[in-house]
Amino acid sequence: MWTRGSLKMRARDILRISYFKALLASLVLALVVGDGRMFSFETRDWWDGGVRLMNGEPLQFAETPMLVAGILSGMFFAIIIAIVARIFIGLPIEVGVQKYFVDSTGESFDLNNLGYAFKQGHYKTIVRTMFFRELYIFLWTLLLVIPGIVKHYAYRMVPYILAENPNIDTKRALELSNNMTRGHKFNMWILDLSFIGWYLLGLLAFGLGVFLVMPYENATRAELYIVLKETAFDAGICKETELHHISVN
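Residues numbered from 1 in each chain as written. Predicted model: local features only at pLDDT ≥ 70, side-chain atom pairs only at ≥ 80, totals over all residues. Heavy atoms only, no water.

Engineer: Please explain the overall build of the protein chain as it appears in this structure.
Structural biologist: A count of helices and strands for the protein chain gives eleven helices and zero strands. For the protein chain, the N- to C-terminal ordering of α and β elements is α-α-α-α-α-α-α-α-α-α-α. For the protein chain, the residues scored as buried account for 42% of the 249 residues in total. Entry remark: accessible area of the protein chain is about 14400 Å², with carbon and sulfur atoms responsible for 66%. (Helix = DSSP H or I, 4+ residues; strand = E, 2+ residues; numbered from the N terminus. Buried < 20%, exposed > 50% of the residue type's maximum accessible area, 1.4 Å probe, protein only. Areas by Shrake-Rupley, 256 points an atom, 1.4 Å probe, with all protein chains shown as cover.)

Following this line, the structure appears as structure tokens:
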């Protein structure tokens, strides 16, 4: 059974060798995945006159329906563009970043892996599998928040699996991730919570310290994937024709 301490120790050992490459990969991942905490705003102020005219008078959106319609239309198209960019650019890059971290567990630090999904004819398969992963998590979240969180952890290993085998069938990738994480979801959640203190410390450095913690978390998650994968091999859940079988000390 894996422990948080052992995963973090291995992650720290890897980061000592090549921290700045891990930092760059983490920044790319944060950019393509997005973080709503970085873009929060108070919409009520806009509607109540938060926007003012040149003479200083507040602009009441409720009194200008055409302007409101234009703003809503613009927001709608912006959301559509963001979704399309997320699917066709962000998701493949996410797999590339996770390939970097998976390979880094074996002390291979190649930043060219960030564009991994766009090379060697793997793009369509990776996009399809990652799209269904996001769709299933979204649909479960619509049902209830808790099932959505459970599925988030159940399918967390999908990008790591694709990083090792981009040709794996979509259904099999989801099934394999679900089997690998079975019985580990609560501990995975606790592992995520264990980084909160580090992020709070990062906020004290004008928020910049948050970015310095991300490589630590991403490297630890990659180490978790390696352990769960080897556990899956031992349990006969995964075949050597699907993923690389590497013994873990």
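Engineer: Would you mind going over the pattern of salt bridges with me for this structure?
Structural biologist: Close approach of charged atoms allows side chains with opposite charge to pair. Evaluated as defined, the whole model comprises 13 salt bridges. The residue arginine 16 makes a salt bridge to aspartate 13 at a minimum N-O spacing of 2.6 Å. Here aspartate 13 and arginine 16 lie together in helix H1 (residues 4–17), a separation of three residues that amounts to about one turn. Accessibility expressed as a relative area gives 39% for aspartate 13, which makes it partly exposed. One salt bridge in this structure joins glutamate 134 and arginine 133, with 2.8 Å as the shortest N-O distance. Accessibility expressed as a relative area gives 5% for arginine 133, which makes it buried. Sharing partners across several salt bridges, the network here consists of Arg86, Glu94, Arg133 and Glu134. (Salt bridge = Lys/Arg side-chain N within 4 Å of Asp/Glu carboxyl O.)

Engineer: Explanation requested: a nonpolar patch on the surface in the structure shown.
Structural biologist: Taken together, the side chains of Phe76, Phe77, Ile79, Ile80, Ile83, Val84, Phe88, Ile89 and Phe118 define a hydrophobic patch exposed on the protein surface, amounting to about 870 Å² of accessible area. Tracing the backbone shows phenylalanine 77 in helix H4 (residues 65–104). (Patch = residues over 30% accessible without salt bridge, like charges linked within 9 Å, V, L, I, M, F, W, Y side chains within 5 Å.)

Engineer: When you look at the nonpolar core in this model, what are you seeing that I'm missing?
Structural biologist: Nonpolar side chains tend toward joint burial in soluble globular proteins. If you look at the biggest cluster of nonpolar residues, it comprises 56 residues, and the most contacted ones within it are Trp2, Phe101, Met157, Ile161, Met180, Leu224 and Tyr225. For this core, the element with the most residues is helix H11 (residues 209–234), which contributes 13 residues. Setting aside chain neighbours within four positions, we find tryptophan 2 in contact with Leu7, His184, Asn187, Met188, Leu191, Leu224, Val227 and Leu228. (Core = buried A, V, L, I, M, F, W, Y, C linked by side-chain atoms within 4.5 Å. Contact = heavy atoms within 4.5 Å.)

Engineer: Is there a simple way to think about the packing of aromatic side chains in this case?
Structural biologist: We describe a pair of aromatic rings using the distance from one ring centre to the other and the angle between the two ring planes. One pass over the structure, following the stated rule, counts eleven aromatic pairs. Relative to tyrosine 225, the ring of tyrosine 160 has its centre 5.3 Å away and its plane inclined at 20 degrees; by these criteria the two rings are stacked. Taken as a pair, tyrosine 160 in helix H7 (residues 158–164) and tyrosine 225 in helix H11 lie far apart in primary sequence, 65 residues in all. Like tyrosine 225, tyrosine 160 is buried. With a centroid separation of 5.8 Å and 90 degrees between ring planes, the pair formed by tryptophan 198 and tyrosine 216 is classed as edge-to-face. Of this pair, tryptophan 198 sits in helix H10 (residues 196–204) while tyrosine 216 sits in helix H11, and the two are 18 residues apart along the sequence. Classification of tryptophan 198 by relative accessible area gives partly exposed; the value is 43%. (Phe/Tyr/Trp six-rings, centres within 6.5 Å; stacked < 30°, edge-to-face > 60°.)

Engineer: In this structure, what is going on with helix H5 (residues 123–143)? I would like to understand it.
Structural biologist: In an α-helix there are 3.6 residues to a turn, and that puts residues three or four apart on one side. Under the 1.5 Å per step criterion, the end-to-end length of H5 is 30 Å for 21 residues, consistent within 8% with the ideal 30 Å. Listed in full, the buried residues belonging to H5 are Thr125, Ile126, Val127, Thr129, Met130, Arg133 and Ile137. (Expected span 1.5 Å × (residues − 1).)

Engineer: I'm lost on the side chain of glutamate 164 in this one. Help?
Structural biologist: With respect to the helices, strands and loops of the structure, glutamate 164 is situated in helix H7. Here glutamate 164 falls in the buried class, since its relative accessible area comes to 14%. From its side chain, glutamate 164 meets the backbone nitrogen of histidine 244 in a polar contact 3.4 Å long. Excluding residues within four positions of it along the chain, glutamate 164 makes contact with Val102, Tyr225, Lys229, Leu243 and His244. (Polar contact = N/O pair within 3.5 Å; in protein donor to acceptor, adjacent residues only side chain to side chain.)

Engineer: Help me understand unusual backbone geometry in this model?
Structural biologist: Backbone phi values are negative for most residues with the exception of glycine, while trans is the configuration of most peptide bonds. You will see that glutamate 107, though not glycine, has its phi angle at about 60 degrees, which is positive. Positionally, glutamate 107 belongs in the loop between H4 and H5.

Engineer: Sorry, what's going on with the packing of H10 against H11 here?
Structural biologist: The angle between the axes and the distance between the axes are what describe a pair of packed helices. Running from N to C, H10 and H11 cross one another at 155 degrees; their axes reach a closest spacing of 7 Å. Taken together, the axis directions place H10 and H11 in an arrangement best described as roughly antiparallel. Packed against H10, whose contacting residues are Trp198, Tyr199, Gly202 and Leu203, the element H11 presents Gly209, Val210, Val213, Met214, Tyr216 and Glu217 at the interface. A class-by-class count of the residues in the contact of H10 with H11 yields seven nonpolar, two polar and one charged. (Axes fitted to C-alpha atoms, helices over the stretch in contact; angles between N-to-C directions. Parallel < 35°, antiparallel > 145°, perpendicular 65-115°, else oblique. Nonpolar A, V, L, I, M, F, W, Y, C, P; charged D, E, K, R; others polar.)

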